[in-house]
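# Results of the structural survey
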Amino acid sequence: MSRVYNFSAGPSCLPEDVLKECAAEMLDYNGTGQSVMEMSHRSSAFKPIIEDAEKMVRKLMNVPDNYKVLFLQGGGSTQFAMVALNLGNKKGKAAYIETGVWAKKAAAEAKALGIDVDVIASSKDKNYSYIPRVEKISGDYDYAYICLNNTIMGTHYEYIPDTGDIPLVADISSCILSEPLDVSKFGLLFAGAQKNLAPAGVTLVIIREDLITETPRANTPTMLSYKTHADADSMYNTPPCYTIYVLDKVMHWIEKNGGAEGMAKRNREKADLLYNYLDSSSYYHATAEKGSRSLMNVPFLTKETDEEKANAINKKFVKEAAEAGLVNLAGHRLVGGMRASIYNAMTKEGVQALIDFMEKFAKENA
Ligand SMILES: *Cc1c(COP(=O)(O)O)cnc(C)c1O
């Protein structure tokens, strides 16, 4: 068996120790004679799993007691609607900072649901290659919305806007537990699991209790009300049991490796290696501006500026990298070039192997 270095933006690589544990327990979980995939979500075997997953999220993210931790479905994208339907129920007005595809989609969804959306800042002028500086947000808003790490553009907030009494909502799908985060600064955080937590299928929501409303906007479906899920401890309907089980294991792996602080140290080392190489290279360059760079997603281009030639060279890069065991390096079409996603589970060895390949490729193709 040979494992590749997987730089996919999501679903993405998981810690090998976690996969091995899952494999060992596949046919018989903890003496039950069943896989976790097969058991009732109401069973006495599954209950401790979801309880431990919540306990571990609370512990690793230092979640204050007045916040609920929910395990939902529908991915990050369903949160675009849930946030608007539940938090936008008073004035019907919200502030969005537009930093790329995911922030734009969230704003568009809110608008479609009747929210008066104010885009208070945007980095569209430079193809979203930086994070606008908005230290303070004030106004007549039900909530303010940011995408903390922009998976496609490779940008990340190096500050948290001060919103005063306005609840701050953040999409942390691609940076959750990559470094410490002060949950108390936010009204609501959400993350689709398939980037940094687990396989696809569960969406983690951390919501301040006073924002769990009994009166979401008109015609909100039962399944899209946070109250439905909060009241039922994420068991209103069948939760994605197996994904939650893997998430719990990933939480323990993070704890063993130093928690959020340990992840930050590991991630900074990896990102520094790659950015330092890109910044010193005469063949490649990073597309995200310094001061806004993601630790998790690193898009980069070659110096080839002719579009047709660039497309050909990018294709060649991705193909030869895959042959060398470095997979899923194609860039997003909106940025072009390549993108290396180096989530928590990516090792420093993996990043070094990528750099070694890049250097060889540059020599052969420059
Ligand atoms: C991947 C991603 C999403 C979309 O997640 P789905 O689970 O596919 O709906 C939303 N926001 C960010 C920042 C992402 O990286």
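Figured I'd write up the structure that's included with this text. Predicted model, so just to flag it, every value in this text is computed and none were measured. Residue numbering note: each chain is counted from 1, following its sequence as written. Thresholds applied to this predicted model are a pLDDT of at least 70 for local features of residues and 80 or more for the giving and counting of side-chain atom pairs; totals over whole chains, interfaces and linings are not thresholded and use all residues. Remark: hydrogens and water are excluded; side-chain values derive from all non-hydrogen atoms of the structure.

A word on the overall build of the protein. Under the DSSP-based scheme used, a helix requires at least four consecutive residues in state H or I and a strand at least two consecutive residues in state E, with every element numbered from the N terminus. Helix and strand counts for the protein come out as nine helices and 14 strands. Computed over its C-alpha atoms, the radius of gyration of the protein comes to 21 Å, within 12% of the 21 Å expected for a compact globule of 366 residues. Summarising its shape, the C-alpha atoms of the protein cover approximately 60 × 55 × 30 Å along the three principal directions. Relative to its full complement of 366 residues, the protein shows a buried share of 55%. Pairs at least 24 residues apart make up 70% of the contacts formed inside the protein by residues separated by at least 6 positions. In this tally, Lys and Arg are treated as positive and Asp and Glu as negative; His is ignored, and so are the chain termini. Note that the charge is assigned to NZ on lysines, CZ on arginines, CG on aspartates and CD on glutamates. For the protein, the centre of its 41 positive side-chain charges and the centre of its 46 negative side-chain charges are spaced 3 Å apart. C-alpha atoms define the radius of gyration, and 2.2 Å times the number of residues to the power 0.38 defines the globule rule. Only protein chains enter the accessibility calculation, which uses a 1.4 Å probe. A residue is then buried if its area is under 20% of the maximum for its type, exposed if over 50%, and partly exposed in between. Contacts were defined at the residue level, with two residues in contact if any of their heavy atoms lie within 4.5 Å.

This part covers the site of the ligand. In these notes, residues near a molecule or strand are those with any non-hydrogen atom within 4 Å of it. Taken together, 13 residues sit near the ligand, with Ser77, Thr151, Asp171, Gln194 and Lys195 positioned nearest. Measuring from an oxygen atom of the ligand, one finds a side-chain N or O atom of Gln194 at 2.9 Å. In these tables, accessible area is a Shrake-Rupley quantity obtained with a 1.4 Å probe, and a residue counts as shielded only by the protein chains included in the view. Calculation on the ligand without its partners gives an accessible area of 380 Å², and the protein chains cover 86% of this total. When residues in the shell around the ligand are grouped by element, the largest group, four residues, is from helix H3 (residues 75-87). Lys, Arg, Asp and Glu make up the charged group, whereas Ala, Val, Leu, Ile, Met, Phe, Trp, Tyr, Cys and Pro make up the nonpolar group; the residues left over, Gly among them, are polar. When the residues that make up the shell around the ligand are grouped by side-chain class, the tally is three nonpolar, eight polar and two charged. Counting of polar contacts relies on pairs of N or O atoms within 3.5 Å, with two restrictions inside protein: one atom must be capable of donating a hydrogen and the other of accepting it, and residues adjacent in sequence are counted only when both atoms are side-chain atoms.

To continue, consider helix H9 (residues 348-365). The span you would expect from a helix comes to 1.5 Å times its residue count less one. Compared with the 26 Å implied by 1.5 Å per residue over 18 residues, the 26 Å span of H9 between its first and last C-alpha is a close match. Within H9, the full set of buried residues consists of Gly350, Val351, Leu354, Ile355, Phe357, Met358, Phe361, Ala362 and Asn365. For H9, the arc enclosing every buried residue in end-on projection is 165°, short of the 170-degree limit, so these residues lie on one face. Every exposed residue of H9 that faces more than 90 degrees away from the buried side is listed here: Glu349 and Lys363. It is the directions from the helix axis to the C-beta atoms whose arc is reported.

Here we come to the sheet that holds strand S11 (residues 284-286). Pairing is antiparallel across the open sheet formed by three strands, whose spatial order is S11-S12-S14. Pairing within the sheet leaves two strands with one partner each, and these edge strands are S11 and strand S14 (338-341). With direction set aside, neighbouring strand axes in the sheet form an average angle of 30°. Note: two strands are recorded as paired if DSSP finds a minimum of 2 bridges between them. Axes here refer to lines fitted to C-alpha atoms; in helices the fit is confined to the stretch in contact. Angles between the N-to-C directions go from 0 to 180 degrees.

This brings us to the pairing of strand S8 (residues 168-171). Side chains Leu168 and Ala170 project from S8 onto one buried face, and the interleaved Val169 and Asp171 project onto a second face that is buried too. Pairing between strand S5 (residues 143-147) and S8: four bridges, direction parallel. When the sheet's bridge partners are listed, Tyr145 is paired in S8 with Val169. Of the pairings in the sheet, the one linking S8 to strand S9 (residues 188-192) comprises three bridges and is parallel in character. Bridging across to S9, Val169 finds its partner in Leu188.

Its place among the elements puts Thr213 in the loop between strand S10 (203-208) and helix H5 (226-231). Polar side-chain contacts of Thr213 include one of 3.1 Å to the side chain of Asn89. A polar side-chain atom of Thr213 sits 2.9 Å from the main-chain amide nitrogen of Thr215. Those residues in contact with Thr213 that sit more than four places away from it in its chain are Asn86, Asn89 and Lys227.

With respect to the secondary-structure elements, Thr151 resides in the loop between strand S6 (149-150) and strand S7 (155-156). For Thr151, a relative accessible area of 5% gives the class buried. If near-sequence neighbours (up to four positions away) are discounted, Thr151 is found in contact with Ala9, Trp102, Ser174, Asn297, Arg339 and Tyr343.

Further remarks concern the nonpolar core. Core analysis: the biggest nonpolar cluster contains 94 residues, and Met251, Leu274, Tyr284 and Phe317 have the highest contact counts within it. Top contributing element to this core by residue count: helix H6 (residues 241-256), with ten residues. Ignoring any residue separated from it by four or fewer positions in sequence, one finds Met251 in contact with Met56, Val57, Leu60, Leu177 and Leu197. Take the buried Ala, Val, Leu, Ile, Met, Phe, Trp, Tyr and Cys residues and link them wherever side-chain atoms come within 4.5 Å; each set so joined is a nonpolar core. The next biggest cluster of nonpolar side chains, apart from the first, holds 25 residues, and it includes Phe80, Ala107, Ile115 and Val169.

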